[in-house]
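# Remarks on the overall topology
Chain residues, written in single-letter form:
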Amino acid sequence: MFEFSQLRLPIIQAPMAGGLNTPLLASGVSNAGGVGSFGFAYTGAEKIAQDLFETKVLTSGPVNANFFVFQPVELPNEQVVNDAVAALSDFSIDGGYNLKAPTLPLFPDITHQLEAVWAQHPAMLTFHFGIPAQEIIEAAHARGISVGITATNLEEGLAIVASGADFIVAQGIEAGGHRGTFSPYGNDSELPLEQLLRDLVSATPLPIVASGGVMTGQDINRVLSLGAVAAQMGTGFLCCDEAGTSASYRKMLLTEGSRPTQFTRGFSGRRAQGISNRFMAAMEHKPTLPFPIQNSLTGPIRQAAAKSDDVEFQSLWAGRSYAKTRSMPVADLMQTLGEEMKDSK
Ligand SMILES: Cc1cc2nc3c(=O)[nH]c(=O)nc-3n(C[C@H](O)[C@H](O)[C@H](O)COP(=O)(O)O)c2cc1C
């Protein structure tokens, strides 16, 4: 079974759904002594098997396969769908886009996705948005696979302890991408990482991985000093040569440091943090469909925007410290982080 003490560098490259994680990125992190991850939330079983297999060829180090815990959701009535479609109809994007009314299934079947995972046997399996079915945790344990689950507050952390999972990923409000709150629409405690770490470290017995705004070796030392066993970094890896990040998204991360980040439900139906753009502003008071139906609905907009390098209509997920993102090969970033950790001890 995976132990955090085995790592040469206490760094998990965050799972990032949407083609940003690649075998070259994940294996680069694992070969440098950390854990490389894949965000497989929306990925089909064949592609999951292919990515994990290709990664295994490139590294014998630990790899993490990550999934969302999708809550049961029903297709809303026609009027609600029509209103949501109307809210998305007037954007001016080169090449145009065609919206499609959502169809079933609304999200992938995790049992099918996990067949690929069991066959490829990564070191760890992590979940965002809640606790997976007990059978899944047991099936992972039966195969010697370690299970981690995101918590954004102590209550979620305690539920994770009770679930029998092996570690908690503490996600502070600084983090890029989707908030991992268990409830999509309930109150969000919005805890900064440091406070969340203090709460979880003092009240739970599980190893805690710290995520949200960790960009440098100094940042890693700080979360370790608060009791975390490792840091999970997402934004910090987006501009590595090996990441699947588009050229226009990279440019925003590296040059637009003064643009604020903000949360929006506009892209997916759940709150997620990214660099502010026109789409986010336009959607602020517009109706959206429940997660992940809104995500399928906005797919053609995001794809048209990516194709025409239009950053105003792409989901530019990024944490609050994105201005510190560095562009370099993943091996160099891992080495730099290790050196910064030593220098700032
Ligand atoms: C582009 C992007 C996509 C993300 N996708 C996922 C995901 O699929 N699963 C997940 O558990 N977390 C996801 N996250 C959140 C990360 O796990 C982590 O909480 C976050 O990256 C930490 O903050 P940072 O971006 O400031 O490093 C994503 C983050 C980003 C930036």
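Residue indices follow the written sequence of each chain, beginning from 1 at its first position. Only residues with pLDDT of 70 or above have their local features reported here, since the model is predicted, and side-chain atom pairs are shown and tallied only from 80 upward, although totals for entire chains, interfaces and linings are computed over all residues.

### Here we look at helix α9 (residues 247–255)
Among all positions in α9, only Y249, M252 and L253 are buried. One side of α9 carries all its buried residues, which in axial view fall inside an arc of 95°. Turned more than 90 degrees away from the buried face of α9 sit A247 and T255, all of them exposed. Residues are treated as contacting if the C-beta atoms built from their backbones sit within 7 Å of each other. Helix and strand assignments follow DSSP, with helices taken as H or I runs no shorter than four residues and strands as E runs no shorter than two, numbered in order from the N terminus. Along its buried surface, α9 packs onto β11 (272–275). Residue burial here comes from a neighbour count, namely the number of other C-beta atoms, placed from the backbone, that lie within 10 Å of the residue's own C-beta, with 20 or more meaning buried, 12 or fewer meaning exposed, and in between meaning partly exposed. Directions drawn from the helix axis to the C-beta atoms are what define this arc.

### Things to note about the site of the ligand
What makes a residue near a molecule or strand is its C-beta atom, placed from the backbone, lying within 6 Å of it. The immediate surroundings of the ligand are formed by 28 residues, with G39, G176, G177, G234 and G319 found nearest. Two domains each provide a minimum of three residues to the shell around the ligand, namely domain 1 (1–70 + 107–242 + 329–345) and domain 2 (75–106 + 245–322). Delimitation of the domains relies on an automatic or database domain assignment.

### As for the domain arrangement of the chain
Domain boundaries in the chain define domain 1 (1–70 + 107–242 + 329–345) and domain 2 (75–106 + 245–322). Taken over C-alpha atoms, the centre of domain 1 sits 24 Å from the centre of domain 2.

### Considering the sheet that holds β11
A pair of strands is labelled paired if DSSP reports no fewer than 2 bridges between them. Taking strand neighbours across the sheet as the criterion, the three strands line up as β7-β11-β10 in an open arrangement whose pairing is antiparallel. Edge positions in the open sheet fall to β7 (177–178) and β10 (261–264), since each of these has one partner strand only. As defined by bridge partners, β10 adjoins β11 across four bridges and the pair is classed as antiparallel. Within β11, the position partnered with Q262 by the bridge is G274.

### Thoughts on the nonpolar core
When buried Ala, Val, Leu, Ile, Met, Phe, Trp, Tyr and Cys residues are joined through C-beta atoms within 7 Å, the set is termed a nonpolar core. Counting residues in hydrophobic clusters, the biggest one holds 76 residues, and the most contacted among them are I168, A170, L197, V209, A210 and A231. Take this core: its biggest share by element is five residues, from helix α12 (residues 330–343). Of the domains in this structure, domain 1 (1–70 + 107–242 + 329–345) and domain 2 (75–106 + 245–322) are the two that each give at least three residues to this core. In this structure I168 touches G148, I149, A151, G157, I160, L200, T204, L206 and I208, once residues within four positions along its chain are discounted. Formed by 10 residues, the second largest nonpolar core is a distinct cluster that contains L88, L289, A305 and F313.

### What about helix α4 (residues 110–120)?
Those residues of α4 lying buried are Q113, L114, A116 and V117. One side of α4 carries all its buried residues, which in axial view fall inside an arc of 150°. Facing away from the buried side of α4, by more than 90 degrees, are the exposed residues T111, H112 and A119. Buried residues along α4 sit in contact with α2 (45–58), β3 (63–68), β4 (124–128) and α5 (134–142). Following α4 by one or two positions, H121 has its phi on the positive side, about 55°.

### Side note on the sheet that holds strand β9 (residues 230–233)
Here we have eight strands laid out as an open sheet, ordered β1-β9-β8-β6-β5-β4-β3-β2, and parallel in their pairing. Among the strands making up the open sheet, the edge pair consists of β1 (11–13) and β2 (36–39). Averaged over all neighbouring strand pairs, the angle between strand axes comes to 25°, with direction disregarded. Here β4 pairs with strand β5 (residues 146–151) via four bridges, running parallel. Within β5, the position partnered with F127 by the bridge is I149. Each axis is a line fitted through C-alpha atoms, and for a helix only the stretch in contact is used; angles between axes span 0 to 180 degrees, taken between their N-to-C directions.

### With respect to the pairing of β9
Burial along β9 is two-sided: the residues A230 and Q232 and A231 and M233 are all buried. Bridging between β1 and β9 involves three bridges; their strand directions are parallel. Looking across to β9, one finds that I11 is bridged to A231. Two elements, strand β8 (residues 208–211) and β9, share three bridges in a ladder whose sense is parallel. Within the sheet, the bridge partner assigned to V209 lies in β9 and is A230. Crossover handedness is defined here as right-handed if the route from the first strand over the helix to the second strand goes clockwise, with the strands pointing away from the viewer. Each parallel crossover has a hand, and for β8 linked through helix α8 (residues 217–225) to β9 it is right-handed.

### Remarks on the environment of T298
Its location among the elements puts T298 in helix α11 (residues 293–307). Given 25 C-beta atoms within a 10 Å radius, T298 is considered buried. For the pair T298 and L193, spaced 105 residues apart in sequence, the C-alpha separation works out to 30 Å. If near-sequence neighbours (up to four positions away) are discounted, T298 is found in contact with L88 and F267.

### Some words on the pairing of β4
Judged by how many residues are buried, β4 sits mostly within the fold: five of five residues are covered. Of the two faces of β4, the one carrying M124, T126 and H128 and the one carrying L125 and F127 are both buried. Bridging between β3 and β4 involves five bridges; their strand directions are parallel. In the sheet register, A65 faces β4, and the bridge partner there is L125. As a crossover connection, the stretch from β4 through α5 into β5 is right-handed.

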